[in-house]
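Structural features, examined
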Amino acid sequence: MKYDPLKIDLDAPDWFRQAIAQPVRSRFLEVVDCRIHYLAWFDPETGDEHQRALPGLLLIHGGGAHANWWRFIAPFFSATNRVCAIDLSGMGDSGDRDIYEPKTWISEIDAVLRDAGLYPDGTGVSEPKPFVVGHSFGGFMAMKFGAESGQRLGGTVIVDSPVQDPTDTPLPEPAASTRTEPPVYSDHATALSRFRLMPSQPCENTYITDFIARTSIRDYKDGWTWKFDFKVMGSRRFGESYRAELEALKGRAALIHGEKSAIVSPRTVCYMSELMGPAAPVVEIPNAYHHLMLDQPLAFISTLRAILAAWTRSLE
């Protein structure tokens, strides 16, 4: 039987099935000599005046993750936003690089925003600036992009990305990878059985984690492996503090974090709030861990909707 990455568990609720069933376009472009992939829940090459008047929304995944982590989240915003989700280089269906640097990932974010037509084009149509939402590692990239190019954004939402007080004990870094080749499993069932969330956490929504696992593997050398370059996961994820980027963030900013997050503590939340300023919303999702779009998806959707709706109204 042919492997179906979009297969959904029988116990999945209707809202999840309907979200996965929504039409989505897969697009590629070249950025700094690398093929970059993104998903779009609209057609970037067409669209009437009404659609172009909707603010853009770019979703950025965490480390080792990919655009399909947003597959069941994005459709809830397609009526009010032109929504895209990027695969950063070295992850998902994007190409690999010899060296990964934040400045290159920032170039990829900018290129997707341009390719999808999410920046205002000055044609006279009332086009608001796009929003950028980043989870975990993707939140760091959103901070860096916002610090450098935030004047082109309508707002930046950081989702459970830790910027620690410099007096705190640094978060532990993952062990450096000694691999020269990615792990290869003999069949997809074995690969799926090895899927783990990092950092580890419980998640009762197995229909979501199973979907994420199925979209996280690819066939490789007569077997199956993960959809990320081992060099990405071997690099330091918290090596840069991003304090300067968060403080320099231009325009609107917000923080969403999980009550039970393993990496964003109450002290970290307070410190980040101080850097962002009193106007920045800070919202805790009850009973949520680090991967809060997996364990509390509807609460996350409601929270993000409220933040973006408030920002959109203020621009009208």
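For the structure itself, look to the data block above.
Residues numbered from 1 in each chain as written. Predicted model: local features only at pLDDT ≥ 70, side-chain atom pairs only at ≥ 80, totals over all residues. Heavy atoms only, no water.

All right, on to the overall build of the chain then. Within the chain, the regular secondary structure consists of 11 helices and 10 strands. Over its C-alpha atoms the chain spans a radius of gyration of 19 Å, differing by no more than 12% from the 20 Å that the globule rule assigns to 316 residues. Expressed along its principal axes, the backbone C-alpha trace of the chain runs to roughly 55 × 50 × 40 Å. Across the 316 residues that make up the chain, the buried fraction comes to 55%. In the chain, the share of contacts with a sequence separation of at least 24, taken over all contacts with a separation of at least 6, comes to 76%. (Helix = DSSP H or I, 4+ residues; strand = E, 2+ residues; numbered from the N terminus. Rg over C-alpha atoms; globule rule 2.2 N^0.38 Å. Buried < 20%, exposed > 50% of the residue type's maximum accessible area, 1.4 Å probe, protein only. Contact = heavy atoms within 4.5 Å.)

Before going further, it helps to spend a moment on the environment of Ser-26. Looking at the secondary structure, you find Ser-26 in strand S1 (residues 25-30). When the C-alpha atoms of Ser-26 and Tyr-38 are compared, they prove to be 6.0 Å apart, with 12 residues separating the residues in sequence. Every residue in contact with Ser-26, bar those within four places of it in the chain, is listed here: His-37, Tyr-38 and Leu-39. A distance of 2.5 Å separates polar atoms of two side chains, one belonging to Ser-26 and the other to His-37. (Polar contact = N/O pair within 3.5 Å; in protein donor to acceptor, adjacent residues only side chain to side chain.)

Burial in helix H1 (residues 14-21) covers these residues: Trp-15, Phe-16, Ala-19 and Ile-20. Looking down the long axis of H1, one finds its buried residues gathered within 130 degrees of arc, a one-sided arrangement. Exposed residues pointing more than 90 degrees away from the buried face of H1 are listed as Asp-14, Gln-18 and Ala-21. (Arc of directions from axis to C-beta.)

A sheet is described by the order of its strands in space; here eight strands give the open sequence S1-S2-S4-S3-S5-S6-S9-S10, paired in mixed fashion. Both outer strands of the open sheet, S1 and strand S10 (282-285), are each paired with one neighbouring strand and no more. Shown here is a sheet whose adjacent strand axes are inclined to one another by a mean of 20 degrees, direction ignored. Strands strand S6 (155-159), strand S9 (253-258) and S10 of the sheet are contacted by helix H9 (residues 266-276), whose axis makes an angle of about 175 degrees with S9. (Pairing = 2+ DSSP bridges. Axes fitted to C-alpha atoms, helices over the stretch in contact; angles between N-to-C directions.)

Here we take up the environment of Ala-248. Looking at the element boundaries, Ala-248 is found in the loop between helix H8 (243-247) and S9. Expressed as a C-alpha distance, the spacing of Ala-248 and Gly-146, which sit 102 residues apart in the sequence, is 8.1 Å.

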